[in-house]
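Understanding the architecture of this molecule
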Amino acid sequence: MYQILTDSCCDVPYQLLKELSVDFISMFIDVNGQEMVDDLGEHFDIHAFYQEIAEGALPTTSQVNVGRYTEFFKQYAAKDIPILYICFSSGLSGSYQSALQAVELVKEDYPQAEIHVFDSLAASGGEGLMVYEAVQKQQAGVPLSDLLEWLETNRLTYQHWVTVNDLNHLQRGGRISKTSAAIGGLMNIKPIIDVDPQGKLRTLEKIRGRKKALQHIADKIVENTGEPAEQVIFINASGDNDGAEDVKRLIEAQIQPKEIRLFPLGPTIASHTGLGCIAVFTRGPIRK
């Protein structure tokens, strides 16, 4: 049997990953000079983190380095357990390259180690949904080679539809200019964001008003969900549970998916979106 691994950018609670027998490596977040470990809620208090952002904290994040990846992979290589690591998008972080370098180092000590680093080209619940579905296939008896082939074929079918409430965090991260943030704030503009085929964020539309923006992403999910009765949808939110519930209701008013699961937006992603981000993930047409 092979081991599926991921990282804390998948924004799936640690309890669920534990149920799925998925191990993960944590990202680090610096908040007011204090380094914190994103352990997907096992010890990290996400609600206290949201409160710090509300009070003006400007957290920063750091990618996983080669040394930490090496130790992470070695514990399985030493037991001759094949590894499939589903990684945060290479379009958003250098962690993917660090993981590839770590594989080479591990193989110096364990030449026969089977380690596959798979670039999800996805983020947050998009990565999480990919991990979730990979586990379903593993549990159904799909061999590792076949699962890798399936992931390659379906990687770009993972849809990301996101809106944010605070443009200042996008401006701080270089996603928009100071002028755009200022004008957008005055005009109550809410960007609609997705992830492109290279795994990078892009702004597709600008909607005036929060209510209209939430309706828009719900409509996009409905439009881009293939075979709804068989599809699980993930919704991640940073401090706006009511908004997440609203989007869930808007989706269910139009289609009846197999399940919709609501999770907090993790601190790594929330550091770059601020509070009030609503991100919805499904599977559908290939991203273009």
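Residues numbered from 1 in each chain as written. Predicted model: local features only at pLDDT ≥ 70, side-chain atom pairs only at ≥ 80, totals over all residues. Heavy atoms only, no water.

1. Description of the packing of helix 5 (residues 125-139) against helix 6 (residues 144-154)
Note the threshold: Fitted lines through C-alpha atoms serve as axes, helices being fitted only where they are in contact, and the angles separating the N-to-C directions of these axes extend from 0 to 180 degrees. By definition, any uninterrupted DSSP run of H or I lasting at least four residues is a helix, any uninterrupted run of E lasting at least two residues is a strand, and each is numbered from the N terminus. If you view the pair so one helix is near and one far, a crossing is left-handed when the near helix is turned anticlockwise from the far one by less than a right angle, and right-handed when it is turned clockwise. Contacts are assigned to residue pairs that have any heavy atoms within 4.5 Å of one another. Residues are sorted three ways: Asp, Glu, Lys and Arg are charged, Ala, Val, Leu, Ile, Met, Phe, Trp, Tyr, Cys and Pro are nonpolar, and all the rest, Gly among them, are polar.
Between helix 5 and helix 6, the shortest axis-to-axis distance is 11 Å and the interhelical angle comes to 145°. Remark: the crossing between helix 5 and helix 6 carries right-handed chirality. For the pair helix 5 and helix 6, the contacting residues are M130, E133, A134 and K137 in the first and L147, W150 and L151 in the second. A breakdown of the residues in the contact of helix 5 with helix 6 according to their chemical character gives 5 nonpolar, no polar and 2 charged.

2. A word on the side chain of Q3
Short version of the rule: Three exposure classes are used, based on accessible area relative to the maximum for each residue type with a 1.4 Å probe and protein chains only: buried under 20%, partly exposed in between, and exposed over 50%. Within 3.5 Å is the distance limit for a polar contact, defined as a pair of N or O atoms, with the added protein rule that one can donate a hydrogen and the other accept it, and that residues adjacent in sequence qualify only through two side-chain atoms.
You can see Q3 is positioned in strand 1 (residues 3-7). On the basis of relative accessible area, Q3 is assigned to the buried category, the value being 16%. Among the polar contacts made by the side chain of Q3, one reaches the main-chain carbonyl oxygen of S21 at a distance of 2.9 Å.

3. Points about the pairing of strand 11 (residues 232-237)
How we decide: Note on pairing: two strands pair once DSSP finds at least 2 bridges between them.
Summarising burial for strand 11: 6 of the 6 residues are buried, a large majority. Burial along strand 11 is two-sided: the face carrying V232, F234 and N236 and the face carrying I233, I235 and A237 are both buried. Pairing geometry for strand 11 and strand 12 (residues 259-264), over 6 bridges, is parallel. For I233, the partnering residue across the bridge sits in strand 12 and is I260. Of the strand pairs in this sheet, strand 11 and strand 13 (residues 278-283) are connected by 4 bridges, and their pairing is antiparallel. Its bridge partner lying in strand 13, I235 is registered against V280.

4. What to know about the state of the cysteines
This is how the line gets drawn: A pair of cysteine sulfur atoms is labelled a disulfide when the two atoms are within 2.5 Å.
For the structure on display, the rule yields 0 disulfides. No disulfide involves C9; its sulfur sits 8.1 Å from that of C10, the nearest cysteine. With a relative accessible area of 1%, C9 lands in the buried category. The thiol sulfur of C87 is not disulfide-bonded, and the nearest other cysteine sulfur, from C9, lies at 8.4 Å. Here C87 falls in the buried class, since its relative accessible area comes to 0%.

5. Things to note about the sheet that holds strand 1
With parallel pairing, 4 strands are arranged side by side in an open sheet as 2-1-6-7. Of all the strands in the sheet, the pair left with one neighbour each is strand 2 (23-25) and strand 7 (115-119). The mean inter-strand angle of the sheet, taken between neighbouring strand axes irrespective of direction, is 25°. Relative to strand 2, strand 1 runs parallel, the two sharing 3 bridges. Looking at the pairing, D7 lines up with I25 of strand 2. The sheet contacts of helix 3 (residues 66-77) involve strand 1, strand 2, strand 6 (83-87) and strand 7, and relative to strand 2 the element is tilted by about 160°. In this fold helix 4 (residues 95-109) packs onto strand 6 and strand 7, with an angle of close to 170° to the strand it touches most, strand 7.

6. Notes on the packing of helix 3 against helix 4
As a reminder, the rule being used: Here the angle decides the label: under 35 degrees means roughly parallel, over 145 means roughly antiparallel, 65 to 115 means roughly perpendicular, and every other value means oblique.
Helix 4 packs onto helix 3 with a crossing angle of 50° between their chain directions and a minimal axis gap of 8 Å. Regarding the angle of helix 3 to helix 4, the classification is oblique. Here the hand of the crossing between helix 3 and helix 4 comes out right-handed. Across the interface between the two elements, V66, Y69, T70, F73, K74 and A77 from helix 3 touch S95, S98, A99, Q101, A102, V103, L105, V106 and D109 from helix 4. When the residues that make up the contact of helix 3 with helix 4 are grouped by side-chain class, the tally is 9 nonpolar, 4 polar and 2 charged.

7. Let's talk about the packing of aromatic side chains
Rules: Note on aromatic pairs: the rings of Phe, Tyr and Trp (six-membered ring only in Trp) are paired at centre separations within 6.5 Å, and the planes decide the class, stacked below 30 degrees, edge-to-face beyond 60, tilted for the rest. Two conditions define a charge sitting above a ring: the NZ of Lys or the CZ of Arg must be within 6 Å of the ring centre, and it must be within 35 degrees of the ring normal.
Applying the stated criterion to the full structure yields 8 aromatic pairs. An aromatic cluster is defined as three or more aromatic residues linked by ring pairs; in this entry it consists of Y69, F72, F73 and Y85. Cation over ring: R68 sits above F28, and NZ or CZ is 4.3 Å from the ring centre.

8. Side note on the nonpolar core
One broad trend across soluble globular proteins is that nonpolar side chains are buried collectively. The following threshold applies: Residues enter a nonpolar core if they are buried and are Ala, Val, Leu, Ile, Met, Phe, Trp, Tyr or Cys, with the set joined through side-chain atoms within 4.5 Å.
Ranked by internal contacts, the top residues of the largest apolar core, which has 69 residues, are I4, F49, Y69, F73, L84, Y85 and V117. No other element matches helix 5, which puts 6 residues into this core. Setting aside its immediate chain neighbours within four residues, Y69 contacts I25, V64, Y85, C87, S95, S98, A99 and A102. Of all hydrophobic cores here, the second largest spans 19 residues; its members include A213, A218, A237 and I278.

9. Regarding the pattern of salt bridges
Short version of the rule: Between Lys or Arg on one side and Asp or Glu on the other, a salt bridge is scored when a side-chain nitrogen of the former is within 4 Å of a carboxyl oxygen of the latter.
The tally for this structure, following the rule as stated, stands at 9 salt bridges. In this structure, the salt-bridge partner of E259 is R261, at a minimum N-O distance of 3.6 Å. Judged by its relative accessible area of 23%, R261 is partly exposed.

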